[in-house]
Structures are given as C-alpha cells and as structure tokens.
Amino acid sequence: MEIADGMDIAAYSVAHSQNQVLQDMGIGILAKTLDMAEVQGAEFTKMMELSVNPGLGSNIDVLL
C-alpha cells in the first residue's frame, strides 16, 4: 500500500486508527440493531399467536 504524497507514517497511522474505530462502532451499532430486531420479531410472533384466540383467558366461570 502506498502512502499518499505528503502524508507521513504517523498521520497515516492516526487516520487508519480513526477509521478502525468508526468501523468498529458501526459494527457494534449494527449488532445492537440486529438484536433489537430479533426481540421485536419474537414479540410480534407472540402477539400474533395470541390474536388467534383474543378472548382466551379473559373470562372466568365461577359457580357458587
């Protein structure tokens, strides 16, 4: 890899480190977003399963 004209090794190293931090941060945010999507998907599936019998469990038969 060639270093651009006028850019010394220290400046290249700093720029590379900054890019790496940004990339790591983006991957972390993407992982959290994926986790949230999985949780929301599971909650949506549960909600859909419950909607098949929406009155289930809402009434109690009591005999005196």
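Nothing here was measured: the structure is a model prediction, and the numbers come from that model. (Residues numbered from 1 in each chain as written. Predicted model: local features only at pLDDT ≥ 70, side-chain atom pairs only at ≥ 80, totals over all residues. Heavy atoms only, no water.)

Let us look at the overall build of the protein. Looking only at helices and strands, the protein features 1 helix and 0 strands. Here the protein holds 64 residues, and the buried ones make up 0% of them. As displayed, the protein has an accessible area near 6200 Å², and 64% of this comes from carbon and sulfur atoms. (Helix = DSSP H or I, 4+ residues; strand = E, 2+ residues; numbered from the N terminus. Buried < 20%, exposed > 50% of the residue type's maximum accessible area, 1.4 Å probe, protein only. Areas by Shrake-Rupley, 256 points an atom, 1.4 Å probe, with all protein chains shown as cover.)

Residues Leu22, Met25 and Ile29 make up a contiguous nonpolar surface patch of roughly 320 Å² in combined accessible area. Looking at where Ile29 falls in the secondary structure, it is placed in helix H1 (residues 9-51). Overall, Ile29 belongs to the exposed group, its relative accessible area being 52%. (Patch = residues over 30% accessible without salt bridge, like charges linked within 9 Å, V, L, I, M, F, W, Y side chains within 5 Å. Salt bridge = Lys/Arg side-chain N within 4 Å of Asp/Glu carboxyl O.)

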